Amino acid sequence: MLKVAKKILEEIEEAGYEAYIVGGFVRDYLLGIPSNDIDICTSATPKELKQIFPDSEVPKDDYGSVILMKKNIHFEITTFRRELVYKNHRQPEKIEYVRELYQDLLRRDFTINAICMDKEGNIIDYLNGKGDLEKRRIVAIGDSDLKLSQDALRILRAVRFATTLDFTLDGALFSSIIQHKTLLRSLSYERKREELDKIFTSSNAKAGIALLIEMGLDVELELPHLANIHYTDSLMAIWAVLDVLDLYPFTANEKDLISSIQEASLCRNLDPFNLYKYGLYVSSVAGEMKGESALEIAKAYNALPIYSRRDIDISGDDISKALGREPGEYLKGIYEDLERAILYHHLENKKEDILKYCVFTYQE
């Protein structure tokens, strides 16, 4: 990937422009973290880039970038620019192209995201990002109050980087986040969820959640149950505790899973019928949320005599014939009774035993 990126830099420079790899890839490269995303900044305008790379595309939300696919790798190439006016504390409404790298770097959020690499692999660090990497801290570029007021998403990005990298927030940035935290209300729930998902799925999630609470961001994010999270590897379990299906966006499948976890968390998760009803994954997650042993739940689940109605050793036709009745809706109730009887070991899952039970219990 890096080799392909350097080739792109060469092509841009051969056309007479400057070009550098910038941002997260360089940061992660210096930290020894694998990265699958490379951003490139350049003095070439989108029009000039289209001349160099005719197969590149201008994204729908054009902020002075083009998208280029090389060797099945996605590259975003952005023209050096200044962002002059922001709207809704989120997006630049007016930009101005510039020809100097330094001017472009000043518009970025944090020093660790403003480190560059040239085509030779040399590091360009005008804003002491490497120093902040070494000190393991998140520092805003320039005035932290201004940075956050321009783009409120930077509040969550700061927490996310502090969480995923296990860094601390610079004192000025920490204070600015508290001062401007009400701006989180202006963000879409979709964008907030994107950042929160990255925090919640980090191996350092406990620290990230603690940081959100310490700065009072849980209130502005409308997450009153954030302090109740018993950390789990399941992202949907965390959202189940947060109980914000009516606010944050989820797919239909995610909503069903969250609802099932919420229901199962109110039950005895070692109970055979609950294990059968909710399945191993939901039962384990719900139990883990309450500090129960996943191993014990797995053992109990594996010991179940049946795992679905299809496992019951009798057909509906067999039951209706034994009862001398036509098949009908009544069979649903009988099967529900059989499920519980078999799960609680009141009845062996054998056709002969089940027939005797049905005749004794249901024959009119």
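Residues numbered from 1 in each chain as written. Predicted model: local features only at pLDDT ≥ 70, side-chain atom pairs only at ≥ 80, totals over all residues. Heavy atoms only, no water.

Digging into the overall build of the protein
(1) Moving on: Counting its regular elements, the protein contains 18 helices and 10 strands.
(2) Moving on: Scaling as 2.2 N^0.38, a compact globule of 364 residues should have a C-alpha radius of gyration of about 21 Å, whereas the protein reaches 29 Å, well beyond that.
(3) Moving on: For the protein, long-range pairs separated by at least 24 residues make up 60% of all intrachain contacts whose partners lie at least 6 apart in sequence.
(4) Moving on: One way to put it: in the protein the 47 positive side-chain charges average out to a point 2 Å from where the 61 negative ones average out. (Helix = DSSP H or I, 4+ residues; strand = E, 2+ residues; numbered from the N terminus. Rg over C-alpha atoms; globule rule 2.2 N^0.38 Å. Contact = heavy atoms within 4.5 Å. Lys, Arg positive; Asp, Glu negative; His and termini not counted. Charge placed at Lys NZ, Arg CZ, Asp CG, Glu CD.)

Structural notes on the side chain of His180
(1) Moving on: When you line up the elements, His180 lands in helix α8 (residues 171-180).
(2) Moving on: When neighbours within four sequence positions are excluded, His180 is seen to be in contact with Asp145, Leu148, Ser149 and Ile155.

Considering the nonpolar core
(1) Moving on: Judged by nonpolar contacts, the single largest core of 76 residues is most densely connected at Phe200 and Trp239.
(2) Moving on: The element that contributes the greatest number of residues to this core is helix α12 (residues 235-242), accounting for 8 residues.
(3) Moving on: Among residues more than four places away in sequence, those in contact with Phe200 are Ala205, Ile209, Leu226, Tyr231, Leu235, Ile238, Trp239 and Leu242.
(4) Moving on: Membership of the second largest hydrophobic core comes to 22 residues, among which are Leu304, Ile312, Tyr330 and Leu343. (Core = buried A, V, L, I, M, F, W, Y, C linked by side-chain atoms within 4.5 Å. Buried < 20%, exposed > 50% of the residue type's maximum accessible area, 1.4 Å probe, protein only.)

Remarks on the confidence of the model for the protein
(1) Moving on: The share of residues in the protein with pLDDT of 70 or more is 96%, and the mean pLDDT across the chain is 92.
(2) Moving on: When mean pLDDT is compared element by element in the protein, strand β9 (residues 137-138) scores highest at 98, while strand β5 (residues 81-87) scores lowest at 75. (pLDDT = per-residue confidence, 0-100.)

A short note on the packing of helix α7 (residues 153-164) against helix α9 (residues 189-200)
(1) Moving on: Across the interface, α7 lies against α9 with an axial gap of 9 Å and an inter-helix angle of 10°. Our classification of the angle between α7 and α9 gives roughly parallel. Residue-level inspection shows Leu153, Leu156, Arg157, Val159, Arg160, Thr163 and Thr164 of α7 in contact with α9, the latter providing Arg191, Lys192, Glu195, Lys198 and Ile199.
(2) Moving on: Taken together, the residues that form the contact of α7 with α9 break down as 4 nonpolar, 2 polar and 6 charged. (Axes fitted to C-alpha atoms, helices over the stretch in contact; angles between N-to-C directions. Parallel < 35°, antiparallel > 145°, perpendicular 65-115°, else oblique. Nonpolar A, V, L, I, M, F, W, Y, C, P; charged D, E, K, R; others polar.)

With respect to unusual backbone geometry
(1) Moving on: Positive phi is not limited to glycine here, since Glu222 has a value of about 60°.
(2) Moving on: Position of Glu222 among the secondary structure elements: in the loop between α11 (217-220) and α12.
(3) Moving on: Backbone geometry at His345 places phi at a positive 60°, although glycine is not the residue there.
(4) Moving on: Its place among the elements puts His345 in the loop between α17 (330-343) and α18 (351-362).
(5) Moving on: Classification of His345 by relative accessible area gives exposed; the value is 60%.

Considerations on the sheet that holds strand β1 (residues 19-22)
(1) Moving on: The mixed open sheet is built from 6 strands, whose spatial order is β3-β4-β2-β1-β7-β8. Only two strands of the sheet have a single partner each, and these edge strands are β3 (65-70) and β8 (123-124).
(2) Moving on: As defined by bridge partners, strand β7 (residues 116-117) adjoins β8 across 2 bridges and the pair is classed as antiparallel. Looking at β8, one finds that Cys116 is bridged to Ile124. (Pairing = 2+ DSSP bridges.)

Re the packing of aromatic side chains
(1) Moving on: Evaluated as defined, the whole model comprises 9 aromatic pairs.
(2) Moving on: When the centroid spacing of 5.2 Å and the interplanar angle of 45° are considered together, the rings of Trp239 and Tyr248 count as tilted.
(3) Moving on: Owing to a relative accessible area of 1%, Trp239 belongs among the buried residues under this scheme.
(4) Moving on: Their ring planes at 75° and their centres at 5.4 Å tell us that Trp239 and Phe250 sit as a pair that is edge-to-face. Of the two residues, Trp239 is situated in helix α12 and Phe250 in the loop between α12 and α13 (252-265); the sequence distance between them amounts to 11 residues. You'll find Trp239 and Phe250 in the same group, each marked buried.
(5) Moving on: An aromatic cluster is present here, built from Tyr189, Phe200, Trp239, Tyr248 and Phe250 joined pairwise through their rings.
(6) Moving on: A cation sits over an aromatic face here: Arg160 above Phe161, 4.5 Å from the ring centre.
(7) Moving on: We note Arg325 situated over the ring of Tyr330; from NZ or CZ to the ring centre the distance is 3.8 Å. (Phe/Tyr/Trp six-rings, centres within 6.5 Å; stacked < 30°, edge-to-face > 60°. Lys NZ or Arg CZ within 6 Å of the ring centre and 35° of its normal.)

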